[in-house]
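# Notes for the structure review
Residues per chain, in single letters:
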Amino acid sequence: MNNYHKYLHIRNIDRDLGFYVTTVGYNKIEKHALYPDASQHPADHVFSWNKGRILDGYYLVFITGGCGVFESANTPPQSIESGTCFLLFPGIWHRYKPNPAFGWEEYWVGFNGTYPQHVMNRLFQPESPFIRTGLSKDVMAAFTQLLSTVSQAQIGYQQVIAGITLQLIGLLNRINLTEKTDNDPESIWVSKAILTLQNELANPIRMEDLAAEFPISYSKFRKSFKRLTGKSPNQYHLDLRLDKAEELLKTTRLTVTEIGYHTGFDSPFYFSRLFKKKFGISPKALRNPHTTSSTRT
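Since this is a predicted model, take the numbers as computed values, not measurements.

The rules behind each value
Residues numbered from 1 in each chain as written. Predicted model: local features only at pLDDT ≥ 70, side-chain atom pairs only at ≥ 80, totals over all residues. Heavy atoms only, no water. Buried < 20%, exposed > 50% of the residue type's maximum accessible area, 1.4 Å probe, protein only. Helix = DSSP H or I, 4+ residues; strand = E, 2+ residues; numbered from the N terminus. Pairing = 2+ DSSP bridges. Phe/Tyr/Trp six-rings, centres within 6.5 Å; stacked < 30°, edge-to-face > 60°. Lys NZ or Arg CZ within 6 Å of the ring centre and 35° of its normal. Polar contact = N/O pair within 3.5 Å; in protein donor to acceptor, adjacent residues only side chain to side chain. Axes fitted to C-alpha atoms, helices over the stretch in contact; angles between N-to-C directions. Parallel < 35°, antiparallel > 145°, perpendicular 65-115°, else oblique. Contact = heavy atoms within 4.5 Å. Nonpolar A, V, L, I, M, F, W, Y, C, P; charged D, E, K, R; others polar. pLDDT = per-residue confidence, 0-100. Left-handed = near helix turned anticlockwise from the far one by under 90°.

## Let's talk about the pairing of strand β5 (residues 84–88)
Here is the key point about a regular strand: its side chains alternate between the two faces of the sheet. By the criterion of burial, β5 is predominantly enclosed, with five of the five residues buried. Of the strand pairs in this sheet, strand β3 (residues 58–72) and β5 are connected by five bridges, and their pairing is antiparallel. Note that in β5 the partner of I63 across the bridge is T84.

Here is the structure:
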């Protein structure tokens, strides 16, 4: 592949949509080559190793060959190997470069907007910007599709590349979560417990019995579950049941009482009270007028 990069003009309509791509590119940096080449990039993107830089958007940089080093205000110098993706965050000083003895191959995409701010700040942390992807064919395919779409520049391509970039974010999040799970046995146990809870929405579950399926005590299971999900097992299961009840209220003709039974609530009054506590509205009030008038209550 030939070296290619593009810095995009951002229109008002792109900003209004809340997700826009600012730049995409691919470079193969040969051994002992100047890096970065200031002539190839706008002034606000050029940097030197001595000074580093601060950007105002988000960037995904995928290293597919060679090796180098990365450093930021949040992380000490780290070696970067082939098969690594690192993230750049707005307002955070950073610098990186290939090892001059080896060079490297890099793909990148830059993006910004209100939606990326919402997503990136919840899925990733500036203190942990590295994702060990390996030479993932899915990540590679997404970057290749980005470059191809930008180079063709067909009508409406800006929205297409925003969608591809969002897909990339999802892929990296999945890889990141998988890596953490593989290195954390407790994550495996909690994941299996969550699957059981999802499949048992209509049935009461004694959490001590669920924890007994794993080689840990109930207190450790409960602590690990809350650490990884932010909720206790009982609260997590209750929220799953209430979320399912909300879905059934919106998409089926079942009565409120029937939906309560389907989601494990024997008492319609208790079901209604918990539902209103979570959603701020009773199950009957949630029903739209057409559904309410045509179903039994």
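Structure's up, so let's keep going.
## Comments concerning the packing of aromatic side chains
For any two aromatic rings, the description comes down to two numbers: the centre-to-centre distance and the angle of the planes. With the rule as written, the count across this model stands at 23 aromatic pairs. Among the aromatic side chains, those forming a connected cluster through ring pairs are Y35, F47, F70, F86, Y96, W104 and F130. Over the face of the ring belonging to W49 we find K97, whose NZ or CZ atom lies 4.5 Å from the ring centre.

## Considerations on the environment of R122
The topology assignment puts R122 in helix α2 (residues 114–123). For R122, a relative accessible area of 58% gives the class exposed. A distance of 3.0 Å separates a polar side-chain atom of R122 from the backbone oxygen of H118.

## So, unusual backbone geometry
Here Y35 and P36 are connected by a cis peptide whose omega angle stands at -10°. Here P36 shows up in the loop between β2 (20–29) and β3. The phi dihedral of H32 falls on the positive side, at around 65°, and the residue is not glycine. Within the secondary structure layout, H32 lies in the loop between β2 and β3. Note on H32: relative accessible area 65%, which makes it exposed. With phi around 50°, A153 is a residue other than glycine that occupies positive phi space. For A153, a relative accessible area of 44% gives the class partly exposed.

## Topic: the packing of helix α5 (residues 185–199) against helix α7 (residues 218–229)
Between α5 and α7, whose axes approach to 10 Å, the crossing angle comes to 85°. Between α5 and α7, the angle falls in the class roughly perpendicular. Where α5 abuts α7, its residues E186, S187, V190, A193, I194 and L197 lie against K220, F221, S224, F225, R227, L228 and T229. Here the residues of the contact of α5 with α7 sort into seven nonpolar, three polar and three charged.

## Focus: the confidence of the model for the protein chain
On average, the protein chain scores 90 in pLDDT, and the residues at 70 or more come to 94%. Mean pLDDT per element in the protein chain: helix α12 (residues 289–294) is the minimum at 44, and strand β6 (residues 94–98) is the maximum at 97. For residues 291–297, every residue scores under 50 in pLDDT, and the model assigns this stretch eight contacts once sequence neighbours within four places are set aside.

## Regarding the packing of α5 against helix α8 (residues 233–251)
With their axes 9 Å apart at the nearest point, α5 and α8 run at an angle of 40° to one another. In terms of orientation, α5 and α8 fall into the oblique class. Classified by chirality, the crossing of α8 by α5 is right-handed. Contacts between α5 and α8 involve I194, L197 and Q198 from the former and P233, Y236, H237 and L240 from the latter. A per-class count over the contact of α5 with α8 returns five nonpolar, two polar and no charged.

## Considering the pairing of β6
For β6, a buried count of four out of five residues is recorded, marking the element as mostly surrounded by other parts of the structure. Sheet analysis places β3 next to β6, joined by five bridges and oriented antiparallel. Directly across from S72, in β6, lies its bridge partner H94.

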